[in-house]
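Each chain is listed here by its residues.
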Amino acid sequence: MEDIANPERTRKILKRYGFKFKKSLGQNFLTNITILKQIVEAGEITKDDDVIEIGPGIGSLTEQIARKAHKVLSFEIDERLMPVLKDTLNHYHNVTVLNQDILEADLQTIIAEHFDGQHNLKIVANLPYYITTPIMLHLLEAGLPIDRMVLMMQKEVAERINADPGSKAYGSLSIAVQLHSEVKLAFIVPKTAFMPQPNVDSAIVELVGRQAPLVTVENQELFDQLVRGAFAQRRKTLWNNLQNQFGKQDEVKAALTVALEQADIAPSTRAEQLSIQQFAQLSDCINEQSI
Ligand code: SAM
């Protein structure tokens, strides 16, 4: 069967349905079959896997996943694509498409309804770039038992996710993702692989779920608050950012000073120099001070 992603077939489908791309929904469809196959290969998808896809578009990637996976569950926000997908994915009986905003989806409940829990859970997607970070955070916060994620995103966000301490790209997103997953920047994708072509370069990121988080902390909420606060103003020192986050009262400053000393971190440090382990240690020391 001819691939949906074949540029000529894609054009025919778009014409038949009079489909006009909505830039506001991040609609850049893949028409390069080699790239699509590379994405699916990176997902190491087999019949043991149930796969969630975000934003199927006209089904180009969905089709490639469906050929390998046990089941595919795709979330598409644009209702104009529903009749198109019904047509293009007609032969794939293991695919369900939900006309739903992924950010509004109660993933735990929906997955329990559609998947039997006997298969590995994977996420494979060519993400809508205007909401890459919110989607990443939504997936992480859902606390799903995800084995592997393969996500296409703008190169700049991929670099932030993959960044090491000391680099410019390192920040709260790097920490949020690396806490739960091992990250690998798999490959860069040229703009020419898309229709229409996006303005930015893209990259495929592979995320393999960790058995346990990279660090465990006494108070996860405090850790999240600490990381967010520490990176709030990147040019400022950790000391400045901590005061802005936790308060400037004398007792708060005294407690923060003790916590920093205990964690062996200089107040003049900048957040981007701290490893995830150091953030965890500082979080536990602040927690003990009961600020
Ligand atoms: N998977 C297709 C491909 O690779 O050719 C299309 C990818 S396109 C970059 C992103 C898709 O996500 C579009 O189909 C868009 O309508 C959809 N989308 C945008 N925002 C969404 C949201 N909040 N929830 C679900 N889908 C969304």
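Quick summary incoming for the structure in this document. Within each chain, residue numbers correspond to sequence positions counted from 1 in written order. Only residues with pLDDT of at least 70 are given local features in this predicted model, and only at 80 or more are side-chain atom pairs given and counted; all residues enter the totals for whole chains, interfaces and linings. Each side-chain value is worked out from all heavy atoms of the structure, with water and hydrogens disregarded.

### A look at the pattern of salt bridges
Between side chains of opposite charge, pairing is possible as soon as their charged atoms come close. One speaks of a salt bridge when a side-chain nitrogen belonging to Lys or Arg is within 4 Å of a carboxyl oxygen belonging to Asp or Glu. This structure, assessed with the given rule, holds 11 salt bridges. In this structure, the salt-bridge partner of E159 is K155, at a minimum N-O distance of 3.9 Å. Of this pair, E159 and K155 both sit in helix α7 (residues 155-162), 4 residues apart, which is roughly one turn of the helix. Only protein chains enter the accessibility calculation, which uses a 1.4 Å probe; a residue is then buried when its area is under 20% of its type maximum, exposed when over 50%, and partly exposed in between. Of the residues examined, E159 reaches a relative accessible area of 36% and is grouped as partly exposed. By relative accessible area, K155 is classed as partly exposed at 27%. Salt bridges here are not isolated pairs; linked through shared partners, they connect E44, R148, K184 and E206. Strands here mean DSSP runs of E at least two residues long; helices mean DSSP runs of H or I at least four residues long; both are numbered from the N terminus.

### Some details on the site of the ligand
Around the ligand sit 23 residues, and of these L30, G55, E76, D101 and N126 come closest. Polar contacts, as used here, are pairs of N or O atoms within 3.5 Å; protein pairs need one atom able to donate a hydrogen and one able to accept it. Residues neighboring in sequence count only if both atoms are side-chain atoms. Between G55 and the ligand, the recorded distance is 2.7 Å, taken from a backbone N or O atom to a nitrogen atom. Between the ligand and F75 there is a distance of 3.5 Å, counted from a nitrogen atom to a backbone nitrogen or oxygen. For the ligand, whose unbound accessible area comes to 600 Å², protein coverage reaches 99%. For the shell around the ligand, the per-class residue count stands at 12 nonpolar, 7 polar and 4 charged. Proximity criterion: a residue is near a molecule or strand once any of its heavy atoms comes within 4 Å of it. The Shrake-Rupley method, run with a 1.4 Å probe sphere, supplies the accessible areas, and residue values consider only the shown protein chains as cover. Classification convention: Asp, Glu, Lys, Arg as charged; Ala, Val, Leu, Ile, Met, Phe, Trp, Tyr, Cys, Pro as nonpolar; all other residues, Gly among them, as polar.

### What to know about the sheet that holds strand β7 (residues 181-189)
By the convention used here, strands pair only if DSSP detects at least 2 bridges between them. Taken in spatial order, the 7 strands make up an open sheet running β4-β3-β2-β5-β6-β9-β7, and their pairing is mixed. One side of each edge strand has no neighbouring strand; the edge strands of this open sheet are β4 (95-98) and β7. Between one strand axis and the next, the sheet turns through 15 degrees on average, direction left out of account. Pairing geometry for strand β2 (residues 49-54) and strand β3 (residues 71-75), over 5 bridges, is parallel. Along β3, the bridge assignment pairs E53 with S74. In the packing of α7 onto the sheet, contacts are made with β6 (146-154), β7 and β9 (202-209), and the angle to β6 comes to roughly 140 degrees. Helix axes use the C-alpha atoms of the stretch in contact, all axes being lines fitted to C-alpha atoms, and the angles between their N-to-C directions lie in the range 0 to 180 degrees. Whether two residues are in contact is decided by their heavy atoms: any pair within 4.5 Å suffices.

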